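In case you want the letters, here they are:
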Amino acid sequence: MDKGHGSARWSAADCLLPEKDVAIEDGHIHALSDEPWMGIRPCTALRPGGFVAIVYRLSQWDDPVRPVFRFWRGDGTFVERMAPGPVAGAGLWRGRIPLGTRRISVSPVARVGRFDFRIESIESLSFTAQLRSGWGKAHRPARAALLTRLIGMIDESDLNLAWATEFHPFEDYAAWKAARERVIDLAGIDAPRTDWEKGPLVTLLLGGAQAQPNVQKAREVRESTIDTVAAQLYPRWCLLVHAEADTSRADAEPRCRFLNDRDWMEMLAGDGPETGWLCALSPGDRLSPGSLASLAERLPTLPQASLVYGDEEHIGPDGRILPILKPDWSPRLQAARPYLGRAVFVAAAAWRQWSLEERLGFVRNAVPPSRWLASLRAAEVLHIRRFLLASTRAEAPDLKDNRRERRKEGATGGRALPAEPSVCFIIPTRDRADLLDRCITSIREQTAYKHYEILILDNDSVKAETTHLFDRLRSLANVSIVKTPGPFNYARICNLGAARTRADILVFLNNDTEALSSGWLAALVRQAICPDVGAVGAKLLFASRRIQHIGVAVGMGNSACHFGAQEAEDAPGWLGRHRVLHEVSAVTGACLAVERRKFVAIGGFDEAHLAVELNDIDLCLRLGEHGWQSLVEPAAVLLHHESATRGGATFRPLSVNGEQRDYFQRRWRKVMRDDPYFHPALAHFRLVPALG
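Below: a short report on this structure. Worth saying up front: this structure is predicted, and the values here are computed from it rather than measured.

What counts as what
Residues numbered from 1 in each chain as written. Predicted model: local features only at pLDDT ≥ 70, side-chain atom pairs only at ≥ 80, totals over all residues. Heavy atoms only, no water. Patch = residues over 30% accessible without salt bridge, like charges linked within 9 Å, V, L, I, M, F, W, Y side chains within 5 Å. Areas by Shrake-Rupley, 256 points an atom, 1.4 Å probe, with all protein chains shown as cover. Salt bridge = Lys/Arg side-chain N within 4 Å of Asp/Glu carboxyl O. Helix = DSSP H or I, 4+ residues; strand = E, 2+ residues; numbered from the N terminus. Buried < 20%, exposed > 50% of the residue type's maximum accessible area, 1.4 Å probe, protein only. Pairing = 2+ DSSP bridges. Axes fitted to C-alpha atoms, helices over the stretch in contact; angles between N-to-C directions. 1 Å grid on protein atoms, 1.4 Å probe; cavity = no way out; pocket = protein on both sides within 12 Å on 5 of 7 lines; lining within 4 Å. Points joined across faces, edges and corners; volume = space filled by probe spheres on them. Nonpolar A, V, L, I, M, F, W, Y, C, P; charged D, E, K, R; others polar. Disulfide = S-S within 2.5 Å. Parallel < 35°, antiparallel > 145°, perpendicular 65-115°, else oblique. Contact = heavy atoms within 4.5 Å.

### Examining a nonpolar patch on the surface
So, point 1. A surface patch of nonpolar side chains, amounting to about 390 Å² of accessible area, comprises Leu 147, Leu 150, Ile 151 and Phe 651.
So, point 2. Inspection of the secondary structure assignment puts Ile 151 in the loop between helix 2 (139-150) and helix 3 (154-165).
So, point 3. Of the residues examined, Ile 151 reaches a relative accessible area of 58% and is grouped as exposed.

Below, the structure written as structure tokens:
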């Protein structure tokens, strides 16, 4: 067992060198592509085969995507590891330097333009210390890490160890933040890149006090918010407070104006500012010192933006603070379960188009009008993945009463299904007649939607009970069985099936699934026929009734995993997503609905490169490249006896299908490091929401 080299620590402030697509201009670092690379100078801590902890920092004004570390071998090949995004200021990656590593590179950002990145320190670790840490956090993968290491499966041990150690429960947020938070350094890494004196004016609207036991308490709460506004690093702001005049405060800060009831309503009913941005605050909200500066610095990256939102912290009644991390713009999620929160900025041009009632709603709850949100294009929405605001109001109170109705609307998209499009179930199988029989029976008995056919693709079944089942199924009018002999190639088999049908909708279905309710197919079809939708996945449950699939996070586990798996059937999930229709980058092929014309347009599954693994994720991502969004529809619920036909993958060597995973990582590195429907601060090695 490797005992490591103690805890040797090395300061690495000047250890980076431009390597690829990086230029130094006027003393500043500029990325020339969306994947710039910098070389890391060698040091004793970076010993091949040894474990290290690398602490890195990105400027507050840069988007904190996950850095990619690349470990080069002598033959020119490399291994890549994706690290947590430095959302709180700094980030930390722990792992083993692969044997044979000759040099190390890092890609810190994922967009063209100026950036500032530092490696603060590199510390050597021991396997024993890592294992001890994981044993107390996640015993099962820690035990697997030890056992695989003992039998010489080093890469498999590393992966198991990551699942055991590389996450932090949300409950540990205070400690996680304390280790990563950095004071904004305006003279160094966080030097302004724009002229703040000429930046956009931000008008902050501080509404009336929340219910407080007395006037003095209400004033103290309001003052706490005003103090955080006054402490902003960015100077171009104006604060309008709905309260009787506080002359001492107004005299001390001319950018702060107090408005009585009449003046407040006149202000709201007026034209409003011609340019700039508006933000609604509630007494008790706390802006972080760099909030408005983050807005000013990030706006040039999306000049057409009309809506900007950031991440938040929720302050509980006991003062405990928890993070609220949000995905990039997800209009269907927002319609079904509003997630934007309170750290919301709207362009003055948009504000001027709103009615008085819509403005009042925004001031009360920081929620823009739903009809306006529905009109926005993705290119008009900017998500700042920094903690911009802390609030005691995790969500607007009036949204809670509408949650059930919103959930119902979100699950159906608010549309009636037109005349039933034709559906073809495409079901690959090899023996396991018991599973296939239950699958087909559940479709026929549990599906109210009737305009469908079933196409069973037989991949070299040999058992007598399977032959008997096929004979019985052939007697059914809407069931066909096609032989697809040869080595198992899921992608090829499914493509053959798709080529044999003229149905409007293809539903790829595993033979180890069972439908549980009558409306499941209609729910999938209703979404699949939308012009902007690609693949639609279902909520899949293990036989134990815990969640098996409710969407895929690309990049998780070094490839892609089912985010939310193993949670209880009725668990709300991250931001309540488990209960409503929502956007994802990909869904599992165990139950995947897609219009046939869209499937054909992208060439179907990639049978050449991804015969067995990740072909479903690749399909979804290629649909996305064509503008077709993947969705999860939790109104469609099925049981899934995962991989019951092909066996499990416990202690499986990573060399099995390794070429397919390598191809996927090369093809989709950009999405793996920054899945827009995940978050760079979320752990890549925890199926339930946790910090990385």
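### What about the sheet that holds strand 11 (residues 113-115)?
So, point 1. With antiparallel pairing, 3 strands are arranged side by side in an open sheet as 3-4-11. Edge positions in the open sheet fall to strand 3 (22-25) and strand 11, since each of these has one partner strand only. Each strand axis lies, on average, 40° off the axis of its neighbour in the sheet, ignoring direction.
So, point 2. Bridge analysis of strand 4 (residues 28-31) against strand 11 gives 3 bridges, and the strand direction is antiparallel. The residue bridging His 30 from the neighbouring strand is Arg 114, located in strand 11.

### Observations regarding the layout of surface pockets
So, point 1. Within this model, the second largest pocket holds a volume of roughly 1300 Å³.
So, point 2. Residue lining of the second largest pocket: 43 residues in total, with Asp 328, Ala 378, Asp 674, Pro 676 and Tyr 677 positioned closest to the centre.
So, point 3. Secondary structure elements with two or more residues in the lining of the second largest pocket: strand 11, helix 9 (331-336), strand 21 (381-391), strand 31 (582-584), helix 20 (615-625), strand 33 (629-640) and helix 22 (669-673).
So, point 4. Considering only residue class, the lining of the second largest pocket consists of 20 nonpolar, 8 polar and 15 charged.

### Quick word on the state of the cysteines
Note: disulfide means a covalent bond formed between the sulfur atoms of two cysteine side chains.
So, point 1. In the structure shown here, the tally under the stated rule is 0 disulfides.
So, point 2. Of all cysteine sulfurs, the one in Cys 439 lies closest to Cys 591, which takes part in no disulfide; the gap is 9.4 Å.
So, point 3. In this model Cys 620 remains outside any disulfide bridge; the closest cysteine sulfur is found in Cys 591, 12 Å from its own.
So, point 4. Taking relative accessible area as the criterion, Cys 620 reaches 1% and is therefore assigned buried.

### Focus on the packing of helix 15 (residues 433-446) against helix 16 (residues 464-473)
So, point 1. Where helix 15 meets helix 16, the axes come as close as 9 Å, and the angle between the chain directions of the two elements is 25°. By the criterion of interaxial angle, the relationship of helix 15 to helix 16 is roughly parallel. The segment helix 15 lies against helix 16, with Ala 433, Leu 436, Asp 437 and Ile 440 engaging Glu 465, Thr 466, Leu 469, Phe 470, Arg 472 and Leu 473.
So, point 2. A class-by-class count of the residues in the contact of helix 15 with helix 16 yields 6 nonpolar, 1 polar and 3 charged.

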